[in-house]
There are 4 protein chains.
Amino acid sequence: MISAGIIGGAGYTAGELIRILLRHPEVNINFVYSTSQPGKPVAAVHQDLLGETDLQFSGEIDKDIDVVFLCLGHGNSVKFLSEHQFSEETKIVDLSTDYRMADGKHSFVYGLPEFKKEEIKKADFIANPGCFATAISLAILPLAKAKLTKDEWHVNAVTGATGAGTSLSPTTHFTWRDNNFSAYKAFEHQHLNEIGQSLNLLQPGFSTQINFIPNRGNFSRGIHATAYTKFSGSLEEAKDLYMEAYKDAAFTFLVEEELHLKQVVNTNKCLLKLQKFGDKLLITSIIDNLLKGASGQAVQNMNLMFGIEETAGLKLKANYF
Amino acid sequence: MISAGIIGGAGYTAGELIRILLRHPEVNINFVYSTSQPGKPVAAVHQDLLGETDLQFSGEIDKDIDVVFLCLGHGNSVKFLSEHQFSEETKIVDLSTDYRMADGKHSFVYGLPEFKKEEIKKADFIANPGCFATAISLAILPLAKAKLTKDEWHVNAVTGATGAGTSLSPTTHFTWRDNNFSAYKAFEHQHLNEIGQSLNLLQPGFSTQINFIPNRGNFSRGIHATAYTKFSGSLEEAKDLYMEAYKDAAFTFLVEEELHLKQVVNTNKCLLKLQKFGDKLLITSIIDNLLKGASGQAVQNMNLMFGIEETAGLKLKANYF
Amino acid sequence: MISAGIIGGAGYTAGELIRILLRHPEVNINFVYSTSQPGKPVAAVHQDLLGETDLQFSGEIDKDIDVVFLCLGHGNSVKFLSEHQFSEETKIVDLSTDYRMADGKHSFVYGLPEFKKEEIKKADFIANPGCFATAISLAILPLAKAKLTKDEWHVNAVTGATGAGTSLSPTTHFTWRDNNFSAYKAFEHQHLNEIGQSLNLLQPGFSTQINFIPNRGNFSRGIHATAYTKFSGSLEEAKDLYMEAYKDAAFTFLVEEELHLKQVVNTNKCLLKLQKFGDKLLITSIIDNLLKGASGQAVQNMNLMFGIEETAGLKLKANYF
Amino acid sequence: MISAGIIGGAGYTAGELIRILLRHPEVNINFVYSTSQPGKPVAAVHQDLLGETDLQFSGEIDKDIDVVFLCLGHGNSVKFLSEHQFSEETKIVDLSTDYRMADGKHSFVYGLPEFKKEEIKKADFIANPGCFATAISLAILPLAKAKLTKDEWHVNAVTGATGAGTSLSPTTHFTWRDNNFSAYKAFEHQHLNEIGQSLNLLQPGFSTQINFIPNRGNFSRGIHATAYTKFSGSLEEAKDLYMEAYKDAAFTFLVEEELHLKQVVNTNKCLLKLQKFGDKLLITSIIDNLLKGASGQAVQNMNLMFGIEETAGLKLKANYF
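Residues numbered from 1 in each chain as written. Chains lettered and ligands numbered in written order. Predicted model: local features only at pLDDT ≥ 70, side-chain atom pairs only at ≥ 80, totals over all residues. Heavy atoms only, no water.

Draft legend 1. Geometry of the UniProt feature "domain: Semialdehyde dehydrogenase NAD-binding" (unreviewed entry) in chain A. Annotation from UniProt places "domain: Semialdehyde dehydrogenase NAD-binding" (unreviewed entry) at residues 3-123 of chain A. The span residues 3-123 of chain A is 28% helical and 20% strand by assignment, and the distance between its end C-alpha atoms comes to 17 Å. (UniProt positions renumbered as here; feature names shortened; annotations may be inferred. Helix = DSSP H or I, 4+ residues; strand = E, 2+ residues; numbered from the N terminus.)

Here it is in structure tokens:
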């Protein structure tokens, strides 16, 4: 059994990690570290676990743990790792933005299994991708892999309220968000950096624009993204590229059906649909922002690092309704 | 024109008051008093007013105003009136709980027009009823008025998230409230006092229990209440009592149709439906908690106090969808 | 008083028309024509009107009516007018798509007051614009009016479930739509024709693409649209163009605040926000699809045709929550 | 491996069964029978399964199956079993109402494991309880088991839209249901029979009223129920009774925390909270109507009948958000 620790246990991504790992056939949760509430039952915070577990938040860290997940606010993972040291065997999966951009100094591998599986298998440290970055990268990278991105991308995506985190803010108040919709951070969302980095690795020299408008939706979970660009090939040629790119993917599927977000909610899947209109290739991409966009992908990365079945613990029953 | 002032302008009830009064044919808003943000445009807070008004929050109070509405947190109206004095002609409508219970000292009239119309017309000071109290009182008082309440009442009601106010709290976070439902303050809600006071005025000596379970619904506006008790008469006798009780009501109607909450959302109406099952009389009652349950009723009371048309400014187009 | 008739009274747009006209200070509803349910109370279908009106559906049409609104399914207005004749004085407002495209034969004026006010004032027949067409046209036409549309437009918009009409369909089932999101008719929505026609009138010779992805949102009312294109001028220059274009508009406002859909729900307003990022000008546009996108604009057109105050009957209290 | 068949595969309960059984460690799905769409992929209907399974609907029934689940409309199970015969070894779980009431003729056991575990283990035929009946029975039966039900019960419960089935109806249209709430079938819901039958088995001679008001909520999944009655004992005595009644329950837990519906959504759990106010004992009970209220409990019953781990295949990750 893999012995796992979780740092920062109160947020949405930590909650999903705990839910997954409690049912994972090859993992034991050794500790869920919390400086603010040691001794408190985990089920008092993640209340869907009432009746299921006696696990408590811990004020102590076991440095000889097999794997540790960092569920900390952006900027805090670097700080945490500068103050705490784990054993040489401990693998780390960081869910923050801190190590996603390669800088030649740190040795974190960007954990997008569809494009980095072999690197992840050998990695000790994983920077888990952002939620928008995952949905959009899976939509556009096959074209870059084929060196066929020639023009600007036009991307529009909407995320659920869990994307904004557990903290209370005016735009997560129920009366504001209920039956509402709004764009935010247009053209300037921080995940553009991750996407651009991946694109450049696959198609060096790519320098055109990714125009990205993120939106806040009035639902709790999930990301729905559409992305289009000029593409001179046929729809069939495009499908072949995507089929080839994802032929070994455990959770990413090209489908012919019309997509709607709830097809993937509460699963670790990404579903993609391709369409061609005039000179534009349109890709629709849907994920659960907390699973494939965060904690599910983190466990997928852990599975790969430990050489166990990539889907272990992740065959989740969809909610669908 | 009636010159009106509003004290405490940032909350939901103040917002609804401002929306109503801006379109009221016989009212001018003289000031919306705010100590925290004088000079700020009202439309910056109540953003549906963008493009419609240049009104700004004011740090000053005009003491010679015709009518002042107190939209303050519970407990703060008493405090405010002890610190500020208005002219002898100024009428006051308080939307807090502070003056709802008669204590032999203050001279506020409980502003439920269906049962107090003549008193309200002559009043200078109105204690505007609570939202649950309005929905439930209109459901049960006709029986008390006929001295026919003989046994316990069993009341269950659900309110929207605006009922909890604008402040951020865990149970108003979108991800908590979305697709959720919960009971709270069962048997102990503070509005039971108001309802009991009204019941006792109409049917002195009534001393049996009102069992009341309030619930939090995952919608923004409205209260849906069901109330039943033992009733030995026929359904037709009950309907006659209610028709008689509300024959002069401007906004309260007995209907035969099935009720659902959105029939009254964004209106000042209360719809009531009566049914009889075995020995039980069941009354379903629906209102918009911010209108008939707060600001709409406050304006209705103002209209009565000033001798103008009771429905002036309150013929609101329903939202319905 | 203007005497008005409504043809086809059971749908969403008819419901909103009835709600508005019942409260309109200068209109009497003469009849709401329904072949399927003559004699049935209007409030039995539009149940928010319970207690407010005794109006019944009528099986008869008064041909001498001042104005008639056609609230028929697309394709049925042409058929209806070929089978029914009104007096020469009767003005007609058609809410379907049937007369929106000029064909040199019919004499309907496209009823977008921001760009056709003088024509509308003189018109007898109005083709009321589509909901998406309204939101998007108001976002992009000022640039065309200035002959400055040089490159493709990229438009993404989301509409509420009322946009799909009252008929039951899998994508309007609550369990499907709740907390869901989906794109549909990408690049092929029928409103593109209307938008293109308006663009070409203002900037003849414009021939580049409007890329438009419509989406189904999990809310009931409203359209939120973002549109961007290359623009070589500054943000201030763009704002000046839009301010000039809308300086006489009764309901369309350029604002500096962040936009979110509920700022306009249950109003006849369109709010626009302009931003510049690199070489792109981004316009966000929000309307209520049933009001500015349908029945509200129909009444606005009627007001203009009859020479009364453009905002009469349309100073609606927002729902906001 | 247990070989399972499903009759009637297109509805919500069939969908949940398929989702659970596809991931159940000891079950193979042999067929999902559909007369209307044989050969169609199951994932074309239950679209969250896209990418996960090649299972198709079948027009054939294997009569030698180990277990068959009947997911048919109420009234159709009797009809189906009169027209089709299975092997003597085939166990049957019927999810309709058809066999829930004992009539001395059929040999179906009422499948509420908390009160019938030993009977279920020996049963060949199971009548799976109704969703409201499950939530309410688990709330009130421990008192009956202790022969302590002395007075009327007052029950109010709200169910999600999946409770109304997949068929399209006015009250499941998104624009009707969104942000709406309504009571229905007050005092007359069909599940009262089941509850009364269970009560009488445990406390023979019980003849007082269960007053039950069901409600339609604007959410997709789950039932939230409150039930109270007069109880002369202390809260601690009540808790002891309930703890004793559920000490061996696999999924039913008494908790001290405040309850809200999403604690159990997408799980097979029932959470119960007890409170005492004056002479009233209040029990709050929450379940997922499609799982503990239908398909999850059906699999729980299957597990018991086959002598495997009661929780097999049912350790589901909650959705929670």
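Draft legend 2. A look at the relation of the copies chain A and chain D. In screw terms, the move from chain A to chain D is a rotation of 180° and a rise of 0.0 Å along the axis, fitting with an RMSD of 0.0 Å. What the rotation and shift describe, once combined, is the action of a two-fold rotation axis. Residues of chain A ranked by C-alpha distance from the rotation axis are headed by Asn319(A), positioned 3.3 Å from it. (Least-squares fit on C-alpha atoms with pLDDT ≥ 70 in both.)

Draft legend 3. Here's a closer look at the relation of the copies chain A and chain C. Overlaying chain A on chain C yields an RMSD of 0.0 Å, the required transformation being a rotation through 180° with an accompanying axial translation of 0.0 Å. Taken together, the interface assignments show that 100% of the residues at the interface of chain A recur at the interface of chain C, consistent with an identical surface on both copies. (Contact = heavy atoms within 4.5 Å.)

Draft legend 4. Focus on the environment of Ser182(C). With respect to the element layout, Ser182(C) can be found in strand S9 (residues 182-183). In this structure, Ser182(C) is in contact with His224(A), Leu259(A), His260(A), Trp176(C), Pro214(C), Asn215(C) and Arg216(C), ignoring residues within four places of it in sequence.

Draft legend 5. Representation of the interface of chain A and chain C. Of the residues lining the interface, 35 residues belong to chain A; the matching set on chain C comes to 36 residues. Carbon and sulfur atoms make up 58% of the surface buried where chain A meets chain C, a total of about 3,100 Å² over both sides. Counting the contacts that link chain A with chain C gives two salt bridges. A salt bridge links Lys280(C) to Glu152(A); the shortest N-O distance between them is 3.0 Å. Of all the elements in the fold, those that place two or more residues in the side of chain A that touches chain C are strand S8 (153-159), helix H6 (174-177), strand S9 (182-183), strand S10 (210-216), strand S11 (223-230) and strand S14 (280-287) of chain A. Here the side of chain A that touches chain C is composed, by residue class, of 15 nonpolar, 13 polar and seven charged. (Buried area = accessible area lost by both parts, 1.4 Å probe. Salt bridge = Lys/Arg side-chain N within 4 Å of Asp/Glu carboxyl O. Nonpolar A, V, L, I, M, F, W, Y, C, P; charged D, E, K, R; others polar.)

Draft legend 6. Region of the structure containing the packing of helix H5 (residues 131-145) of chain C against helix H7 (residues 191-202) of chain C. All names here are of chain C. It is the contact of H5 with H7, at a shortest axis distance of 9 Å, that shows an interaxial angle of 20°. Taken together, the axis directions place H5 and H7 in an arrangement best described as roughly parallel. Seen from above, H5 lies across H7 with right-handed handedness. Touching Cys131, Phe132, Ala133, Ile136, Ser137, Ile140, Leu141, Ala144 and Lys145 of H5 are His191, Glu194, Ile195, Ser198, Leu199 and Leu202, all from H7. Class assignment of the residues belonging to the contact of H5 with H7 gives a composition of 10 nonpolar, three polar and two charged. (Axes fitted to C-alpha atoms, helices over the stretch in contact; angles between N-to-C directions. Parallel < 35°, antiparallel > 145°, perpendicular 65-115°, else oblique. Left-handed = near helix turned anticlockwise from the far one by under 90°.)

Draft legend 7. Inspection of the environment of Glu119(A) at higher detail. Residues and elements named next belong to chain A. Topologically, Glu119 is positioned in helix H4 (residues 113-122). A residue is classified by how much of its surface remains accessible, and Glu119, at 42% relative accessible area, is partly exposed. Remark: the alpha-carbon pair of Glu119 and Glu257, spanning 138 residues in sequence, is separated by 33 Å. (Buried < 20%, exposed > 50% of the residue type's maximum accessible area, 1.4 Å probe, protein only.)

Draft legend 8. Looking closely at the sheet that holds strand S1 (residues 2-7) of chain B. All names here are of chain B. Spatially, the seven strands line up as an open sheet ordered S3-S2-S1-S4-S5-S7-S6, and their pairing is parallel. The sheet terminates laterally at strand S3 (57-58) and strand S6 (109-110), the two strands that pair on one side only. As defined by bridge partners, strand S4 (residues 67-70) adjoins strand S5 (residues 91-94) across four bridges and the pair is classed as parallel. Directly across from Phe69, in S5, lies its bridge partner Val93. Strand contacts of helix H9 (residues 295-305): S1, strand S2 (27-33), S4, S5 and strand S7 (125-127), with the helix running at about 160° to S4, the strand carrying the most contacts. (Pairing = 2+ DSSP bridges.)

Draft legend 9. Broad picture of unusual backbone geometry. Phi angles above zero are rare outside glycine, and Asn266(A) is one such case at about 70°. If you trace the backbone, Asn266(A) turns up in the loop between strand S12 (252-254) and strand S13 (270-277). A positive phi is found at Asn179(B), a non-glycine position, where the angle reads about 60°. Here Asn179(B) shows up in the loop between helix H6 (174-177) and strand S9 (182-183). Classification of Asn179(B) by relative accessible area gives buried; the value is 12%.

Draft legend 10. Seen up close, the interface of chain A and chain D. Of the residues lining the interface, 37 residues belong to chain A; the matching set on chain D comes to 37 residues. Of the roughly 3,100 Å² buried where chain A meets chain D, counting both sides, 55% is carbon and sulfur surface. On the chain A side of the contact with chain D, Leu50(A), Lys317(A) and Phe321(A) bury the most area, a combined 25% of that side's loss. Remark: the boundary between chain A and chain D carries four salt bridges. Between Lys317(A) and Glu16(D) there is a salt bridge, and its shortest N-O distance comes to 2.9 Å. For the side of chain A that touches chain D, the element with the highest residue contribution is helix H1 (residues 12-23) of chain A, accounting for five residues. A breakdown of the residues in the side of chain A that touches chain D according to their chemical character gives 15 nonpolar, nine polar and 13 charged.

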